[in-house]
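Here is what each chain is made of, one letter per residue.
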Amino acid sequence: MSVDSLNKIREYCRQYGFIFPGSEIYDGFANTWDFGPVGVELKNNIKKAWWKRFVQEDMNTYGVDAGILMNPRVWEASGHVDSFSDPKMDCKKCKQRFRADNMIEEHSAGKVAAEGMTNEEMEGYIRDNHIVCPNCGGFDWSEIKQFKLMFETSRGTVEGAKDTVYLRPETCQGEYVNFANVQRTARAKVPFAIAQIGKSFRNEITPGNFLFRTIEFEQMELQKFCHEKDGMTFFDDYKKRAMDFVADLGLDREKLRYHDHDKLAHYAKAACDIQYKFPIGWEELNGIHHRGTWDLSRHSEFSGKKLEYQDPETNEKYTPNVIEYSIGADRLTLAILCEAYNEEKVLEDDTREVMHFNPVIAPYKVAVLPLAKKYHSEKAIEVYHKLSKCFMTTYDESGSIGKRYRRSDAIGTPWCITVDNETINNGTVTVRDRDTMEQITLKIDEVVDYVQKRIDF
Ligand code: ATP
């Protein structure tokens, strides 16, 4: 049985140390989450796999780690100060707050694109179609107002002085403003890409659904800078590569689909999301956008520094186009958790909960289990130290061996290594496979190779 609700996976994550509610001992802090010992490994492995696929293995992609706080002019140039807001509407009866565009899209089953509507048009649609409050069923709405999504803070340089600064709502601006720095120092030729993984913050009107929409999250983003004539080729290329990446990590292709945008931002040339079928329905997992010359032109204009490229062969000087690929690390982690979970019948009267993670991203690769603590723990600890030099390893000596298998299945550890008398006498261990539950015997020295071969991505 696969996972059918986000509540179930949230509880599961809490129970097994994947993810805890943020500030839990203070009764939590709505829609914030802390990754626990198991979850942090999973998310780190997902980020590492992304970096390897899109940065390490791509000769023309360079990483950066830019600041979360940037010169506020950056957000004027990007358009966020003026227009990064969502249309909010309050139910006067139950005081709940909603996003008007989402309500219209849900009501019309996606047939009406509210994105391009004015606030008055949305109010008219909601009135004419008698859309009631999803929480209390009332029909007493406030007027629609734009709600700013950027978190503001202030930086005081002189006592009393106050300058507004913003927590970045996306990581990509750190890539645009470093275009010239990276191009020069890496001696990069267009086409090339700049990539980054980092935190973003959005004061979302309707956060929720566990990790799906939070106010603080991590993004894995890259910007491909290219000549206009190559833009659509790279756009299609990243659509395919983005799809292959999530499928290779373990998401079922049947639960993945492209969603091309009909309505585009005025500067954009094409946009596509990849959607995943979460337990809450088909939702965006990542976006791929052909942004034309918008970003570099705007930063040139606002900073007064020309962000252009001169082709060394043709001498043509131009502002590169940008293809952006952006995926939320937390949202992807949620999809992976939902996909991996299964409750299975093992024997007539026995079931197990198991996470079928691709071993590449499994939090721990192996669990070392002494068969009998009294006789085998010393040797098992020796094996643990050997294996933990190569990959994340756990050690568990308490409870029956069956219970320990179940515990490592529950956190998705692909292999259990049992240490018994044979280990002490002949140097062999039993390796049990999480998915098939079959066991083989290997020499201790063969285990590293066996695992390493199976976690190659
Ligand atoms: P949505 O339509 O879901 O609000 P978006 O179109 O605003 O998303 P982008 O700005 O394109 O999203 O951000 C790129 C990616 O970052 C998204 O595809 C998603 O994976 C992730 N992301 C965006 N907002 C959030 C959030 N509030 N919480 C978690 N992940 C997010």
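About the thresholds
Residues numbered from 1 in each chain as written. Predicted model: local features only at pLDDT ≥ 70, side-chain atom pairs only at ≥ 80, totals over all residues. Heavy atoms only, no water. Near = heavy atom within 4 Å. Polar contact = N/O pair within 3.5 Å; in protein donor to acceptor, adjacent residues only side chain to side chain. Areas by Shrake-Rupley, 256 points an atom, 1.4 Å probe, with all protein chains shown as cover. Helix = DSSP H or I, 4+ residues; strand = E, 2+ residues; numbered from the N terminus. Contact = heavy atoms within 4.5 Å. Pairing = 2+ DSSP bridges. Axes fitted to C-alpha atoms, helices over the stretch in contact; angles between N-to-C directions. Salt bridge = Lys/Arg side-chain N within 4 Å of Asp/Glu carboxyl O. Buried < 20%, exposed > 50% of the residue type's maximum accessible area, 1.4 Å probe, protein only. Phe/Tyr/Trp six-rings, centres within 6.5 Å; stacked < 30°, edge-to-face > 60°. Lys NZ or Arg CZ within 6 Å of the ring centre and 35° of its normal. Expected span 1.5 Å × (residues − 1). Domains from an automatic or database assignment. Buried area = accessible area lost by both parts, 1.4 Å probe.

**A closer look at the site of the ligand**
- Looking at the ligand, there are 16 residues lining it, with Glu204, Arg213, Thr214, Glu284 and Leu285 nearest.
- A distance of 2.7 Å separates an oxygen atom of the ligand from a polar side-chain atom of Arg213.
- Here a nitrogen atom of the ligand and a backbone polar atom of Thr214 are 2.8 Å apart.
- Isolated, the ligand exposes 590 Å² of accessible area, and the fraction of that covered by the protein chains is 83%.
- Secondary-structure elements contributing two or more residues to the shell around the ligand are strand S10 (216-226), strand S13 (281-290) and strand S16 (321-328).
- The dominant element in the shell around the ligand, judged by the number of residues it contributes, is S13, at five residues.

**Considering the environment of Glu175**
- Within the element layout of this structure, Glu175 appears in helix H7 (residues 172-176).
- Taking the C-alpha atoms as reference points, Glu175 and His290, 115 residues apart in sequence, are found 15 Å from one another.
- Beyond its immediate sequence surroundings of up to four residues, Glu175 is in contact with Val64, Ile194, Ala195, Gln196, Glu221, Leu222, Gln223 and Phe225.

**Brief notes about the sheet that holds S10**
- Judged by pairing direction, the sheet is mixed, and its seven strands sit side by side in the order S3-S9-S10-S16-S13-S12-S11 without closing on themselves. At either end of the open sheet lies a strand with only one pairing partner, and these are strand S3 (61-63) and strand S11 (256-260). Strand-to-strand twist across the sheet, computed as the mean angle between neighbouring axes with direction ignored, equals 25°.

**Considerations on the sheet that holds strand S6 (residues 145-148)**
- Read across the sheet, three strands follow the order S5-S4-S6 without closing on themselves; strand pairing throughout is antiparallel. Since the sheet does not close on itself, it has two edges, and those belong to strand S5 (97-99) and S6, each with one partner. On average, each strand axis in the sheet is inclined to that of its neighbour by 50°, with strand direction left out of account.
- Here three bridges tie strand S4 (residues 85-90) to S5, and the two strands are oriented antiparallel to one another. Residue pairing in the sheet places Lys88 in a bridge with Arg99 of S5.
- Against the sheet, helix H5 (residues 100-107) makes contact with S4 and S5, and its axis sits at roughly 65° relative to S5, the strand it touches most.

**Structural notes on the pattern of salt bridges**
- Inspection of every chain in the model, using the stated rule, returns 35 salt bridges.
- Notably, a salt bridge pairs Asp86 with Arg99, separated by 3.2 Å at the nearest N-O pair. Residue Asp86 is found in strand S4, and its partner Arg99 is found in strand S5; the two are separated by 13 residues along the sequence. Taken as a pair, Asp86 and Arg99 share a single burial class, namely buried.
- Where Glu324 meets Arg291, a salt bridge forms, and the shortest distance between an N and an O atom there is 3.9 Å. Of this pair, Glu324 sits in strand S16 while Arg291 sits in the loop between S13 and helix H10 (294-303), placing them 33 residues apart in sequence.

**Regarding the packing of aromatic side chains**
- Within this structure, the stated rule accounts for 22 aromatic pairs.
- Each member of the aromatic cluster is reached from another via a ring pair, and the members are Trp50, Trp51, Phe54, Tyr238, Phe245, Tyr325 and Phe457.
- Positioned above the aromatic ring of Tyr258 is the side chain of Lys239, whose terminal nitrogen or guanidinium carbon lies 5.1 Å from the ring centre.
- Note that Arg454 overlies the ring of Tyr450, its terminal NZ or CZ placed 3.7 Å from the centroid.

**Concerning helix H11 (residues 329-340)**
- Here H11 spans 16 Å end to end across twelve residues, near enough to the 16 Å set by a 1.5 Å rise per residue.
- Buried residues dominate H11, accounting for twelve of its twelve residues.
- Those residues of H11 not exposed but buried are Ala329, Asp330, Arg331, Leu332, Thr333, Leu334, Ala335, Ile336, Leu337, Cys338, Glu339 and Ala340.

**Focus: the domain arrangement of the protein**
- Segmentation of the protein into domains returns domain 1 (6-70 + 152-338), domain 2 (85-148) and domain 3 (364-452).
- A straight line from the C-alpha centre of domain 1 to that of domain 3 covers 38 Å.
- Counting residues at the interface gives seven residues for domain 1, matched by five residues for domain 3.
- Taken together, both faces of the contact between domain 1 and domain 3 bury some 510 Å²; the carbon and sulfur share is 61%.
- It is Tyr16, Val38 and Glu41 that lose the most area in domain 1 upon contact with domain 3, and together they represent 60% of the buried surface on that side.
- Here domain 1 and domain 3 share zero salt bridges between them.
- Breaking the side of domain 1 that touches domain 3 down by element, the ones donating at least two residues are helix H1 (6-16) and helix H2 (37-56).

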